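Topology and contacts: notes
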Amino acid sequence: SNGGETGALLRYLRARKLDVTKATSMLRATIAWREENDIDALLSSPLDEDEFRANAAMYPASYHGEDAAGRPVYMERTGSAQFAALVTKLGQEGFLRMHLRGMEYQYRVLLPSASVARNAPITQMCNVIDVGELSLYDTVSHGEVLRALKAIAAVDADHYPENLGITLVCNAP
C-alpha cells in the first residue's frame, strides 16, 4: 500500500493511536480503496495534457528540493488558486484524480528518492502554503468547490495517513 513504503504500517498505527485493530481496519480499507479505484495505475496512465495545463494554470503548486530534515518540499500558492474555475473545468472527480496523482508521486517518487539521498527513511512531506490573495468567496461560497476540497481531505485522512511532517504558512492575513 502507498507506493510500497516499508514503514507504511507505522503510518496506520500512528494514525489510529497505536490501536492495532483500528489500524488494521484502516489499512484493509485503504487496500480495498486502492484496488477499487485502480490507484496503482495512476502514474503509469496517460495524463490528459489539457487537464494538466488547466491544473497548472489555475492551481499554482510544485515541488522544490528538500527541507533541513530531508523532507521533500511541496509549495502551493493557495491564495492564487482558481478553485471554482478548476473544479468547473475538471469536475470534482477530475480534480480529485489530479490530487491523487500528486499524492502517488510523493509516495512513489519523492519520498523514496529523499530516503536514498539521506540514507535514512524519509516518510513525510514539508508543505509551504502561501495564502496571500486567498478569496473565501472562491472557496467556501461555491458548493462544488467545498465538496471537492472535503473529498480530498477525507481521502488524504483515510488513505494517506501521517504524510505531513510540517506545514509552513506564508502571507497569512
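See the structure shown above.
Let us look at the structure shown here. Here the structure is a predicted model, which is why all the values come from computation and not from measurement. (Residues numbered from 1 in each chain as written. Predicted model: local features only at pLDDT ≥ 70, side-chain atom pairs only at ≥ 80, totals over all residues. Heavy atoms only, no water.)

Regarding the packing of helix α1 (residues 8-15) against helix α2 (residues 20-36)
The contact between α1 and α2 brings their axes to 8 Å, and the two run at 125°. For the element pair α1 / α2, the angle class is oblique. Here α1 runs over α2; the crossing is right-handed. Every residue of α2 that contacts α1 at L9, Y12, L13 and A15 is listed here: V20, A23, M26, L27 and T30. Taken together, the residues that form the contact of α1 with α2 break down as 8 nonpolar, 1 polar and no charged. (Axes fitted to C-alpha atoms, helices over the stretch in contact; angles between N-to-C directions. Helix = DSSP H or I, 4+ residues; strand = E, 2+ residues; numbered from the N terminus. Parallel < 35°, antiparallel > 145°, perpendicular 65-115°, else oblique. Left-handed = near helix turned anticlockwise from the far one by under 90°. Contact = heavy atoms within 4.5 Å. Nonpolar A, V, L, I, M, F, W, Y, C, P; charged D, E, K, R; others polar.)

Some points on the environment of M125
Here M125 shows up in strand β3 (residues 125-130). The spatial distance from the C-alpha of M125 to the C-alpha of A54 is 25 Å, given a sequence separation of 71 residues. Once residues lying within four places of it in the same chain are set aside, the contact partners of M125 are Y63, R71, P72, Y74, Q106, L110, L111, N163, L164, G165 and I166.

Some remarks on the sheet that holds β3
Strands sit in the order β1-β2-β3-β4 across an open sheet of 4 strands; the sheet is mixed. Two strands in the sheet have a free side with no partner beyond their single neighbour: β1 (61-66) and β4 (164-170). For this sheet the average axis-to-axis angle between neighbouring strands, irrespective of direction, equals 20°. For β1 and strand β2 (residues 72-76), the ladder comprises 4 bridges, and the chain directions are antiparallel. The residue of β2 that forms the bridge with S62 is M75. (Pairing = 2+ DSSP bridges.)

Re the pattern of salt bridges
For the structure on display, the rule yields 9 salt bridges. Residue R14 is joined to E162 by a salt bridge in which the shortest nitrogen-to-oxygen separation is 3.7 Å. Residue R14 is located in helix α1, and its partner E162 is located in the loop between α6 (143-159) and β4; the two are separated by 148 residues in the primary sequence. Given the relative accessible area of 38%, R14 is considered partly exposed. In this structure, D40 engages R34 in a salt bridge whose closest nitrogen and oxygen atoms are separated by 2.6 Å. (Salt bridge = Lys/Arg side-chain N within 4 Å of Asp/Glu carboxyl O. Buried < 20%, exposed > 50% of the residue type's maximum accessible area, 1.4 Å probe, protein only.)

Examining unusual backbone geometry
At D38, a position not held by glycine, the phi torsion is positive, near 50°. Along the polypeptide, D38 turns up in the loop between α2 and α3 (49-58). According to the relative accessible area criterion, D38 is partly exposed, its value standing at 47%. Of note in the backbone geometry, N171 takes a positive phi value of approximately 55° without being a glycine.

Some thoughts on the pairing of β3
Counting buried positions over the 6 residues of β3 gives 6, a clear majority of the element. Neither face of β3 is open: one carries M125, N127 and I129, the other C126, V128 and D130, and all of them are buried. As defined by bridge partners, β2 adjoins β3 across 4 bridges and the pair is classed as parallel. Bridge pairing in β3 links V73 to C126. Considered for its hand, the β-α-β crossover made up of β2, helix α4 (residues 83-118) and β3 is right-handed. With 6 bridges connecting them, β3 and β4 associate as parallel partners. Residue pairing for β4: N127 is matched across the bridge by T167. (Right-handed = clockwise from strand over helix to strand, strands pointing away.)

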